[in-house]
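# Residue-level structure breakdown
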Amino acid sequence: MSERYLQPLLHDLVGVVHAPTSALGDAAGQIRPHGVQGVFHADARVLSRAELRLDDREPEALTRGAAGPHGARFVALARWLGDPTPDPTVRVDRTRQAGPHGVTEELVVSSTAADPVRTTVSVDLGCDLAPIELVKSGGSGAPLEAKAGEPGRVQWAAEGLTVTVTGEAATVDTAGDRATAPRLSWPVTLAPGESVTLRWRLAVTDPKAVVTAAPPGPGWSEPAVRADDRRLVRLLDRALADLRGLRLAEPAHPEDVFLGAGVPWFLTLFGRDSLWAARMMLPLGTDLAAGTLRVLARRQGTRVDPATGEAPGKILHELRRHEFALDEGLRLPPAYYGTVDATMLWIGLLHDAWRWGLPADQVEPLLPHLEAALGWLDEHADADGDGFVEYADSTGHGLANQGWKDSGDAVRFRDGRLAAPPIVLAEVQGYAYQAAVNGADLLDAFGRPGADRWRGYADRLATRFRAAFWVDGPYGPQPALALDRDKRPVDSLTSNIGHLLGTGLLSDAESAQVAALLSTEALAGGFGLRTMSTDDAGFSPLSYHCGSIWAHDTAIVLGGLARAGHRAAALRLADGLLTAAEAFDYRLPELYGGDDRTALGRPVPYPAACHPQAWSAATAVLLLQAGLGLYPDVPAGRVDLRPLAGPELGALAADGLRIAGTPVTVTVDHTGHPTVTDLPRSLTIPTQRGAPTHSPA
């Protein structure tokens, strides 16, 4: 029987990140030479082992916690040392900090024993420089031989990378078998009540890097939030700390910051992920959106290349330093364009950033890229000319599915059969409609031609969608997940339909029916929104895209429900996310199980989920926005307020949100009445029943 390689589990590992560097170890703080444990720099594992011992014995783990936005602290005991009493007298505190070019560790050994304590502290190291795709597929690289240099220093080099570990005042052993498992060691003597601090650091030199650390500073507002539901405050605090660790830039353009998708698999530029995360972060300012737009605009497609999926006007899917190749035959080139939705999401982000107050002098240089993106929608997105946006991998080794649910089995009929490509996804048609209307608004606003053409495109698409996608389901009419190769509706009930809310593609009555579908136990019975209903044959609570719950997916749908006035449905999803956040120590993972709430009383981890993940963390900001109901349109001179906070969610307030670059404060009381202060004088709040209090700047 052939050996089966499995993607390693990482749900219970402890991570620290300061992009492009991250580290994953076990709950005791050890980095062991198996699975996905290690220190990673972008797409390579630069350290595969860092095991702490005292007298060649591992200390016993006691607890752990965060140490700032980029660190973790582990507490352990060495009970064989010190006084022979029930109380431990020798303690080890291990603090790991990620930096943009490596990691540092501080080891504090302290004693409260009555007599002196003597021990030898050691850290065993290893390096395999395995590419991330090899680790993801369950493999590992051969341990590399280390080279000892200056005192306390050891080094590895291969594939253009140089990795250097330095132990302050440490002895290095690289002799014999320790050539591939070098050891740093420190002899220690502690008098009663004394402690000693030992340090080692890892530094990476990577001249071929395609991404690099962003400049210092968060790049967005850090709001002060007050909420009756304290879970939202804790979630937001943790999320913003994680997002600071995911900030990246291109080496040639460090001023344009974007968010890497997630740790450990996707710590690089991802079109869809980076765009959605920046879109969710708009209440905190437009700088991140502007940087993300510019980075992707520079890599916008200019030619037709089936090998990479590139086409004129198309927005990139992902960027790597080398080909991303997995055992199952997936081989993605370093710059890969195999995404059907990123181009339209780019347009949506440009439009939304403009509405939040992105200055005209930053919008105007991007207008040629807007026109190119619309050109892709017109000339390359509809290969068979039926008026829908579709995708199919023509290479045989690219992504079989190219929407956000991009696993190979994501598009299934109600009876479990896989749909054959080309695939026409429901939510992608909503994105296309919205991109056409948003693009038209921008063209009009900046005096460029073509707006009427794109509004006509949107009208025709809505008519075609209404005729082709609506099917009868177990809960009444529903939009199909997709159309298959033969234009048959793929009739499973999925979360995809929630992305149609707010795009303009649906009528009010259709939106109300979609909201009702999203509120069924089959979709909303877990801790958030299931990706597929429990009624469908393909459902599995731990399927990547056919039954699990994704935080960003739930938040996007929640936001659409809240803005459209479907309060009860939105509140149910909000409570699911907040309850899940509490269970995951307020670091929402990439996804988790779609089990019913009553099964365990807490969400089941998806064992290979990334954490932190950019769009999962950014859901905290979207939740805050939906709670406050803040919807600005700076070019139109208005701000709409439709808060979700109030009697059910409780009172909510935030200082330091940004509209048109100006800090504003929004407060929603227990009755749901909003108050806005410091709003720029150029903006007004339309008069409405229960009109909010408005205090201009």
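Fair warning: this is a prediction, and the values are worked out from it, not measured in the lab. (Residues numbered from 1 in each chain as written. Predicted model: local features only at pLDDT ≥ 70, side-chain atom pairs only at ≥ 80, totals over all residues. Heavy atoms only, no water.)

Turning our attention to the sheet that holds strand β10 (residues 117–126). Taken in spatial order, the four strands line up as β5-β10-β15-β14 in an open sheet, and their pairing is antiparallel. Across the chains shown, the open sheet's two edge strands, defined by having one partner strand only, are β5 (49–54) and β14 (171–173). Taking each pair of neighbouring strands and ignoring which way they run, the sheet shows an average axis angle of 20°. Here β5 pairs with β10 via six bridges, running antiparallel. Looking across to β10, one finds that R49 is bridged to G126. (Pairing = 2+ DSSP bridges. Helix = DSSP H or I, 4+ residues; strand = E, 2+ residues; numbered from the N terminus. Axes fitted to C-alpha atoms, helices over the stretch in contact; angles between N-to-C directions.)

Both faces of strand β19 (residues 247–250) are covered, namely the face carrying R247 and A249 and the face carrying L248 and E250. Here three bridges tie β19 to strand β20 (residues 253–259), and the two strands are oriented antiparallel to one another. Of the residues in β20, the one forming a bridge with E250 is H253. (Buried < 20%, exposed > 50% of the residue type's maximum accessible area, 1.4 Å probe, protein only.)

What follows deals with the nonpolar core. W346, V389 and V411 are the most contacted members of the largest nonpolar core, which totals 169 residues. It is helix α15 (residues 614–628) that provides the largest number of residues to this core, a total of eleven residues. Apart from residues lying up to four places away in sequence, V411 is in contact with Y391, N401, R417, L418, A419, I423, L425, L481, A482 and V490. With 43 residues, the next largest nonpolar core counts A98, V103, V121 and L202 among its residues. (Core = buried A, V, L, I, M, F, W, Y, C linked by side-chain atoms within 4.5 Å. Contact = heavy atoms within 4.5 Å.)

To continue, consider the layout of surface pockets. Considering only enclosed or pocket space, the largest pocket measures out at about 1200 Å³ in volume. Along the wall of the largest pocket there are 40 residues; nearest its centre are Q7, K136, L326, E328 and Y544. In the lining of the largest pocket, the residues fall into 18 nonpolar, twelve polar and ten charged. Taken as a whole, the second largest pocket holds about 1000 Å³ of empty space. R279, D352, Q434, G502 and R563 are, among the 35 residues lining the second largest pocket, the residues nearest its centre. Among the secondary structure elements, those contributing two or more residues to the lining of the second largest pocket are α3 (271–280), α5 (342–356), α8 (426–445), α10 (508–518), α12 (551–564), α15 and β32 (630–633). (1 Å grid on protein atoms, 1.4 Å probe; cavity = no way out; pocket = protein on both sides within 12 Å on 5 of 7 lines; lining within 4 Å. Points joined across faces, edges and corners; volume = space filled by probe spheres on them. Nonpolar A, V, L, I, M, F, W, Y, C, P; charged D, E, K, R; others polar.)

Sheet architecture is open: three strands sit in the order β25-β28-β29, paired in antiparallel fashion. The sheet is open, and its two edges are formed by β25 (424–425) and β29 (489–490), each paired on a single side. As defined by bridge partners, strand β28 (residues 482–483) adjoins β29 across two bridges and the pair is classed as antiparallel. Residue pairing for β29: L483 is matched across the bridge by P489.

Moving on to helix α4 (residues 287–298). Taking 1.5 Å as the rise per residue, α4 with twelve residues should run 16 Å; its terminal C-alpha atoms sit 17 Å apart, in good agreement. Among the twelve residues of α4, nine are classified as buried, and the element is accordingly described as predominantly covered. Along α4, the positions that sit buried rather than exposed are L288, A289, A290, G291, T292, L293, V295, L296 and A297. Buried residues belonging to α4 abut β19, β20, α3, α5, α6 (360–363) and α7 (367–379). (Expected span 1.5 Å × (residues − 1).)

So, on to empty space enclosed by the protein. Scanning the model with the defined rule gives seven cavities of 30 Å³ or more in all. Lining the largest cavity we find A28, Q30, L52, P59, E60, A61, F74, A76 and R94. Elements that contribute at least two residues to the lining of the largest cavity include exactly β6 (60–66) and β7 (71–77). Of the residues contributing to the lining of the largest cavity, the split by class is six nonpolar, one polar and two charged.

The geometry of an aromatic ring pair is captured by the separation of the ring centres together with the interplanar angle, meaning the angle of the planes. Summed over all chains, the structure comprises eleven aromatic pairs. Ring centres of F266 and F270 lie 5.3 Å apart, and the angle between their planes is 70°; on these two criteria the pair is classed as edge-to-face. You can call F266 buried: its relative accessible area is 14%. The buried category is assigned to F270, whose relative accessible area is 5%. Here F584 and Y592 contribute two aromatic rings whose centre-to-centre distance is 5.5 Å and whose plane-to-plane angle is 45°, an arrangement assigned as tilted. Taken as a pair, F584 and Y592 share a single burial class, namely buried. Of the aromatic side chains, those joined through ring pairs into one cluster are W404, Y544, W550, Y606 and W615. Between K136 and the ring centre of W265, over which it is positioned, the NZ or CZ distance is 5.7 Å. Positioned above the aromatic ring of F413 is the side chain of R417, whose terminal nitrogen or guanidinium carbon lies 4.2 Å from the ring centre. (Phe/Tyr/Trp six-rings, centres within 6.5 Å; stacked < 30°, edge-to-face > 60°. Lys NZ or Arg CZ within 6 Å of the ring centre and 35° of its normal.)

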